[in-house]
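Observations on the three-dimensional arrangement
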Amino acid sequence: MGVSLVEQPVSAENNAALVRLSQRIHTAILADESVASHFDGYRLAQQGFSGAYALKIAKAGGPASVLKLAHVAQAAGIGLYGGTMLEGTVGTVASLHAWSTLPLQWGTEMFGPLLLKDDIVSLPLLFADGCVTLPQTPGLGG
């Protein structure tokens, strides 16, 4: 049917069902609400989860915290997806910098700034052909 990834098909509290699904179906399962911190990621991996984790800096508590979760996933052989909570440019750039250090097997979708009428940055992100350019200037580059 062309479905390659199923996002959080059960409640965030039902890790047992999430683990069972990840082990029994061929379509990859994306844990989203179930994993906010590296503690959550470790617990889910320890239970046998075999899908992917949705990384979101706002949910995890910032870039350093989300990278801890990503490192737990990498150690457990769990895939990575760079998620968004529809941040503006500042949050999106922070995410992009973190994502640029990781092998995101499931890609990313950082389109939050495209939904804004106005923004607080002097230089907007460059979006073209379904991609966004990572700023190369100091700081967050905005």
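Our subject is the structure that appears above.
Below is a short write-up of the structure. On a predicted model such as this, the values are computed, not experimentally measured, just so you know. (Residues numbered from 1 in each chain as written. Predicted model: local features only at pLDDT ≥ 70, side-chain atom pairs only at ≥ 80, totals over all residues. Heavy atoms only, no water.)

1. Structural notes on the nonpolar core
Selection criterion: Definition of nonpolar core: a set of buried residues of the types Ala, Val, Leu, Ile, Met, Phe, Trp, Tyr and Cys, connected through side-chain atoms within 4.5 Å. With a 1.4 Å probe rolled over the protein chains alone, any residue whose accessible area is under 20% of its type maximum counts as buried; one over 50% counts as exposed, and the rest are partly exposed. Strands here mean DSSP runs of E at least two residues long; helices mean DSSP runs of H or I at least four residues long; both are numbered from the N terminus.
Grouped together as the largest cluster of nonpolar side chains are 28 residues, with contacts concentrated most on Leu44, Phe49, Tyr53, Leu55 and Trp99. Counting residues per element, the ones that place at least two in this core are helix 1 (15-24), strand 2 (28-31), strand 3 (52-55), helix 3 (57-60), helix 4 (63-76) and helix 5 (89-99).

2. Remarks on the side chain of threonine 92
We count it as follows: The contact criterion used is simple: two residues touch if any of their non-hydrogen atoms lie within 4.5 Å.
Its place among the elements puts threonine 92 in helix 5. Ignoring sequence-local partners within four residues, the contact set of threonine 92 consists of Glu87, Met110, Pro113 and Leu125.

3. Examining helix 2 (residues 38-46)
Operational definition: Picture the helix axis, draw a direction to every C-beta atom, and the arc is the one those directions span. Residues adjacent in sequence count toward polar contacts only when both atoms are side-chain atoms; beyond that, a polar contact is any pair of N or O atoms within 3.5 Å, and within protein one must be able to donate a hydrogen and the other to accept it.
Along helix 2, the residues classified as buried are Asp40, Gly41 and Leu44. Buried residues of helix 2, viewed axially, fall in a sector of 100°; they line one side. Seen from the buried face of helix 2, the exposed residues on the opposite side, beyond 90 degrees, are Phe39, Tyr42 and Gln46. Among the residues of helix 2, the N-terminal cap falls to serine 37, whose side-chain oxygen and the backbone nitrogen of phenylalanine 39 are separated by 3.2 Å. Downstream of helix 2 by a residue or two, glycine 48 has a phi angle that is positive, lying close to 105°.

4. With respect to unusual backbone geometry
Positioned with a positive phi, glutamine 8 is a non-glycine residue whose angle comes to about 35°. In this fold, glutamine 8 is placed in the loop between strand 1 (5-7) and helix 1. A positive phi angle, near 55°, is found at aspartate 129, a position not held by glycine. Locating aspartate 129 in the fold gives a position in the loop between strand 5 (127-128) and strand 6 (131-132).

5. Concerning the packing of helix 2 against helix 4
What counts is decided by this rule: Axis lines are fitted to C-alpha atoms, over the contacting stretch for helices. Their N-to-C directions set the angle, which ranges from 0 to 180 degrees. Angles are sorted into four bins: roughly parallel if under 35 degrees, roughly antiparallel if over 145, roughly perpendicular if 65 to 115, and oblique for all others. Here a crossing is taken to be left-handed if its near helix is turned anticlockwise relative to the far helix by less than a right angle, and right-handed if that turn runs clockwise. Ten residue types, Ala, Val, Leu, Ile, Met, Phe, Trp, Tyr, Cys and Pro, are classed as nonpolar, four, Asp, Glu, Lys and Arg, as charged, and the remainder, Gly among them, as polar.
For the pair helix 2 and helix 4, interaxial distance at closest approach is 8 Å and the crossing angle is 15°. On the basis of their axis angle, the class for helix 2 and helix 4 is roughly parallel. Helix 2 and helix 4 meet at a crossing whose hand is right-handed. In contact with His38, Gly41, Tyr42 and Ala45 of helix 2, helix 4 contributes Lys68, Leu69, Val72 and Ala76. Residue composition of the contact of helix 2 with helix 4, by class: five nonpolar, two polar and one charged.

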